[in-house]
Amino acid sequence: MSTAQWLHESEAYVWRPYCQHRTAPPPLAVTATRGCRLVLADGTELVDGIASWWTAAHGYAHPHIRARVAEQLETMPHIAFGGLAHEAGYTLAKRLAALFDGRLSHVFFTESGSVAVEVALKMALQSFYNAGHPRRTVLAFGGAYHGDTFAAMSLCDPVDGMHNAFTGNGVRVVHVPLPVPGDEAFENAFAEIGRDTACVVVEPLVQCAGGMRVHDGAVLRRIRRACDAHGTLLVFDEIATGFFRTGKRFALDEAGVMPDIVVIGKALTGGTLPLAAAIANDAVFDAFLDAGTGRELQHGPTYMANALACAAAHASLDLFEQGDYEARVQRLGNAMRTRLAPLRGRPNVVDVRVKGAIAAVEMKPGTARPSTEFVARGAFVRPLRLRRADVVYLMPPLVIEEEDLGVLLDAVDAECRR
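Just so you know, these numbers come straight off a predicted model, no measurement behind them. (Residues numbered from 1 in each chain as written. Predicted model: local features only at pLDDT ≥ 70, side-chain atom pairs only at ≥ 80, totals over all residues. Heavy atoms only, no water.)

**Student:** Can you help me understand the overall build of the protein in this one?
**Tutor:** Helices and strands together make up the secondary structure of the protein, namely 14 helices and 17 strands. Computed over its C-alpha atoms, the radius of gyration of the protein comes to 21 Å, within 12% of the 22 Å expected for a compact globule of 418 residues. Overall, the protein is about 60 × 55 × 45 Å in size when its C-alpha atoms are taken along their principal axes. Taking all 418 residues of the protein together, 52% fall into the buried category. Of all intrachain contacts in the protein linking residues separated by at least 6 positions in sequence, the fraction that spans at least 24 positions is 70%. Per element, the accessible surface of the protein, about 18700 Å² overall, is 53% carbon and sulfur. Taking the average place of the 41 positive charges on the side chains of the protein and the average place of its 46 negative ones, the gap between the two points comes to 4 Å. (Helix = DSSP H or I, 4+ residues; strand = E, 2+ residues; numbered from the N terminus. Rg over C-alpha atoms; globule rule 2.2 N^0.38 Å. Buried < 20%, exposed > 50% of the residue type's maximum accessible area, 1.4 Å probe, protein only. Contact = heavy atoms within 4.5 Å. Areas by Shrake-Rupley, 256 points an atom, 1.4 Å probe, with all protein chains shown as cover. Lys, Arg positive; Asp, Glu negative; His and termini not counted. Charge placed at Lys NZ, Arg CZ, Asp CG, Glu CD.)

Okay, here's the thing in structure tokens:
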């Protein structure tokens, strides 16, 4: 069966993500990946400007990751993690804890970032329940995005977010603006609900899917102080920001703030296999310990700590350790900043911002060009379309070379000037 034929004959059976099927163009048929490029059915190659939703940090099909997964496949593709253990998962947990200097050392694996957020919420809420003084409220921020599962949707921006149809359902969440200098609105709002707030959940340094909105480390330090004042747990959602995407290995490293729970995913396996984790400190973990039953965390994804995914994660961590990714990201950010800054002042451009290996051109609502226009220039770029703005952004593989980066920047520059 030809590639064109399989797409034509099968597309009616696929429910695509984030897609209005009545109006959306057909998807691009990808037959292979190579480096930082997608190879289409007709042989066209596109430079991937979003690294498959920010996962393919090392580019596609890296030989070291492929070798580790193949080696694992020879002995054990998967076993249930309930009552059984495998080396890849247990050694990965120890390795991840070391990334946080042992201050976050209890690793719960999931298959997706959204589910890891759900687990983090369960950890926070149940820890207070187990202690005999339950708290039912979660504090989140305007502009937030934390995933598409039910509790995760509750954390997303209730007005401008994509999940406003579900506002009021799920977890009890209070949304407040991120702290701003010279304004204590955040602290004042927190004080009113602090006694019942189990945790605060925030995307550190960059709110990604909510529009690539950037804040600094001082914001996170204020949030940490407020959490300490109210005895509230702090959860960092580093699914998108982790593994050098914002500059340092984790955003928390740059901010100098340690949360009580961190959620990681996406680049963890280098975009190879699905794996995420919620990682908690001793105090959170200890709240679940008891001589009897009833206090344990009742959660267990079927493919939790999948052995193949854990092997891929080990290989991805090897690559992060062997290369100077911090320097790579600095060069990448400088190049994107230099090239895109002149777009400020263009008729439909509201703002241009760069943080680490994230570049965003915020435009007036409805003015960003469709992905097909970028494809015509050799780039795969998928603008965010929010109620208040369109955001054309780049989050390419961290290993992207100058030639491929130039293709992306040429496309964004040309399409955002129109």
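**Student:** Please clarify how the layout of surface pockets should be interpreted in this entry.
**Tutor:** A probe as big as a water molecule, rolled over the atoms, marks out the empty space that is left. One number sums up the size of the second largest pocket: a volume of about 540 Å³. Forming the walls of the second largest pocket are 18 residues, and the residues nearest its centre are His106, Val107, Phe108, Phe285 and Met304. For the lining of the second largest pocket, the element with the most residues is strand β4 (residues 106-110), which contributes 4 residues. A per-class count over the lining of the second largest pocket returns 14 nonpolar, 3 polar and 1 charged. (1 Å grid on protein atoms, 1.4 Å probe; cavity = no way out; pocket = protein on both sides within 12 Å on 5 of 7 lines; lining within 4 Å. Points joined across faces, edges and corners; volume = space filled by probe spheres on them. Nonpolar A, V, L, I, M, F, W, Y, C, P; charged D, E, K, R; others polar.)

**Student:** Please explain the sheet that holds strand β17 (residues 390-394) as it appears in this structure.
**Tutor:** Sheets are built from strands that pair by backbone hydrogen bonding, the pairs being arranged parallel or antiparallel. In spatial order, the strands read β13-β14-β17-β16; together these 4 strands make up an open sheet with antiparallel pairing. Edge positions in the sheet fall to β13 (349-355) and β16 (384-385), since each of these pairs with one other strand and no more. Summarising the sheet, strand β14 (residues 358-363) and β17 pair through 5 bridges and their orientation is antiparallel. Across the sheet, the residue bridging to glutamate 362 is valine 391, located in β17. Of the strands in this sheet, β13, β14 and β17 touch helix α14 (residues 402-416), which is tilted by about 160° from β17. (Pairing = 2+ DSSP bridges. Axes fitted to C-alpha atoms, helices over the stretch in contact; angles between N-to-C directions.)

**Student:** Any chance you could explain the packing of aromatic side chains here in plain terms?
**Tutor:** The geometry of an aromatic ring pair comes down to the distance between the two centres and the angle between the two planes. Scanning the entire structure with this criterion turns up 12 aromatic pairs. Ring geometry for phenylalanine 320 against tyrosine 325: centres 4.9 Å apart, planes inclined by 65°, an arrangement best described as edge-to-face. Residue classification places tyrosine 325 among the buried positions, given a relative accessible area of 5%. One aromatic cluster in this structure is built from Phe100, Phe243, Phe244, Phe250, Phe320 and Tyr325. The residue whose ring lies beneath arginine 328 is tyrosine 325, and the NZ or CZ to ring-centre distance is 5.5 Å. (Phe/Tyr/Trp six-rings, centres within 6.5 Å; stacked < 30°, edge-to-face > 60°. Lys NZ or Arg CZ within 6 Å of the ring centre and 35° of its normal.)

**Student:** I tried to follow the nonpolar core on my own but got confused; where do I start?
**Tutor:** As a rule of thumb, nonpolar side chains are buried together in soluble globular proteins. Within the largest apolar cluster, 139 residues are counted, with the highest numbers of intra-cluster contacts made by Leu96, Phe109, Met212, Ile223 and Val361. Of all the elements, helix α5 (residues 113-130) adds the most residues to this core, at 10 residues. Excluding its chain neighbours within four sequence positions, the residues that come into contact with isoleucine 223 are Phe141, Leu178, Pro179, Phe186, Val200, Val202 and Leu234. (Core = buried A, V, L, I, M, F, W, Y, C linked by side-chain atoms within 4.5 Å.)

**Student:** Just checking my understanding: could you explain the side chain of histidine 215 for this structure?
**Tutor:** When you line up the elements, histidine 215 lands in the loop between β9 (213-214) and α8 (217-230). Residue histidine 215 is classed as buried on the basis of its relative accessible area, which comes to 10%. Of the polar contacts made by the side chain of histidine 215, one reaches the backbone nitrogen of leucine 205; its length is 2.8 Å. Sequence-distant contacts of histidine 215, defined by excluding residues within four places in its chain, comprise Leu178, Glu203, Pro204, Leu205, Val206 and Leu220. (Polar contact = N/O pair within 3.5 Å; in protein donor to acceptor, adjacent residues only side chain to side chain.)

**Student:** Explain the sheet that holds strand β12 (residues 276-280) here, please?
**Tutor:** Pairing within the open sheet is mixed, and its 7 strands lie in the order β4-β12-β11-β10-β7-β5-β6. Two strands close off the open sheet at either side, each with one partner strand: β4 and β6 (172-176). Averaged over all pairs of adjacent strands, the angle between strand axes in this sheet comes to 20°, irrespective of strand direction. One ladder, built from 5 bridges, connects strand β5 (residues 137-141) with β6; its direction is parallel. Bridge pairing links leucine 139 to valine 174 in β6. Packing against the sheet, α5 makes contact with β4, β5, β7 (197-202), β10 (233-237), β11 (261-264) and β12, and its axis sits at approximately 25° to β12. Sheet strands touched by helix α7 (residues 185-193): β5, β6 and β7. Its angle to β5, the strand with the most contacts, is close to 165°.

**Student:** Honestly, helix α11 (residues 307-322) in this entry has me stumped. Any pointers?
**Tutor:** Three- or four-residue spacings in an α-helix give side chains the same orientation, since the helix completes a turn every 3.6 residues. In this model α11 runs 23 Å from its N-terminal to its C-terminal C-alpha over 16 residues, within 8% of the 22 Å that 1.5 Å per residue would give. Across the 16 residues that make up α11, a large majority, 14, are buried. (Expected span 1.5 Å × (residues − 1).)

**Student:** Quick question: what am I supposed to make of helix α4 (residues 87-99) here?
**Tutor:** Here α4 is 13 residues long and its end C-alpha atoms lie 19 Å apart, about the 18 Å a rise of 1.5 Å per residue gives. Every buried residue of α4 is listed here: Ala88, Gly89, Leu92, Ala93, Arg95, Leu96, Ala97 and Leu99. Elements in contact with the buried residues of α4: α3 (63-75), β4, β11, β12 and α11. One or two steps after α4, the chain reaches aspartate 101, where phi turns positive at roughly 55°.

**Student:** I tried to follow the side chain of histidine 314 on my own but got confused; where do I start?
**Tutor:** Inspection of the secondary structure puts histidine 314 in helix α11. For histidine 314, a relative accessible area of 6% puts it in the buried group. Engagement of the side chain of histidine 314 in a polar contact is seen with the backbone oxygen of alanine 88, the distance being 3.1 Å. Residues within four places of histidine 314 in sequence aside, it is in contact with Arg68, Ala88, Thr91, Leu92 and Arg95.

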